[in-house]
Amino acid sequence: MTQVTNIPYEALEVGQTASYSKTVEERDIQLFAAMSGDHNPVHLDAEFAAASMFKERIAHGMFSGALISAAVACELPGPGTIYIGQQMSFQKPVKIGDTLTVRLEILEKLPKFRVRIATRVFNQRDELVVDGEAEILAPRKQQTVTLPTLPAINIG
């Protein structure tokens, strides 16, 4: 189990950054399709995807959005953060095997514990794949929490 300490509103500073990385694996695509119900063949069918503009299977766009959520919830500001909104635009496709890095940057502290955060996702070639911005409610007090261990999931 991992312990994480959040950063409360008072301690957040404009320009503060954090990052979170994950490599996109076949099981991620399968699990995301099952969880979301998005069974678009461009994500799941190699033959279909080969005839598409992408020429190969790609990850769901919202998979990157889910990684942004993980970065905000577990890195900056961390546990206790409440998402209010997210704007994002997809710049490049994400492929199986890509290593994605979410880079967060505090842009502005607003009244009533609200914070604007730049939410950008880059691939292993440092190419911007998702550009975005979130508005969150930052935690009011610092706390250290133990993140639960995720259960093993068998695809079959």
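All of these numbers come straight from a predicted model, not from anything done at the bench. (Residues numbered from 1 in each chain as written. Predicted model: local features only at pLDDT ≥ 70, side-chain atom pairs only at ≥ 80, totals over all residues. Heavy atoms only, no water.)

**Considerations on the nonpolar core**
1) Next: Of all hydrophobic cores here, the largest spans 26 residues; its most connected members are Val24, Leu100, Val102, Leu104, Val115, Val121 and Ile136.
2) Next: Contributions of two or more residues to this core are made by α1 (26-36), α4 (61-74), β4 (99-109), β5 (114-122) and β6 (128-137).
3) Next: Broken down by element, the residue count for this core peaks at five residues, all from α4.
4) Next: In this view, Val102 contacts Ala18, Ser19, Tyr20, Leu67, Ile68, Ala71, Arg120 and Val121; residues no more than four positions away in its chain are not counted. (Core = buried A, V, L, I, M, F, W, Y, C linked by side-chain atoms within 4.5 Å. Buried < 20%, exposed > 50% of the residue type's maximum accessible area, 1.4 Å probe, protein only. Helix = DSSP H or I, 4+ residues; strand = E, 2+ residues; numbered from the N terminus. Contact = heavy atoms within 4.5 Å.)

**Topic: α1**
1) Next: Buried within α1 we find Asp28, Ile29, Phe32 and Ala33. Here the buried residues of α1 occupy an arc of 130° about the axis, which is enough to place them on one side. α1 presents Ala34 and Met35 as exposed residues on the side facing more than 90 degrees away from its buried surface.
2) Next: Packed against the buried residues of α1 are β2 (17-23), α2 (41-44) and α4.
3) Next: Gly37 sits one or two residues past α1 and shows a positive phi near 85°. (Arc of directions from axis to C-beta.)

**Observations regarding unusual backbone geometry**
1) Next: Between Leu76 and the following residue, Pro77, the backbone shows a cis peptide bond with an omega angle of 0°.
2) Next: Note on placement: Pro77 falls in the loop between α4 and β3 (82-90).
3) Next: Backbone geometry at Lys112 places phi at a positive 60°, although glycine is not the residue there.
4) Next: With respect to the helices and strands, Lys112 occurs in the loop between β4 and β5.
5) Next: A positive phi angle, close to 70°, is found at Phe113, a residue other than glycine.

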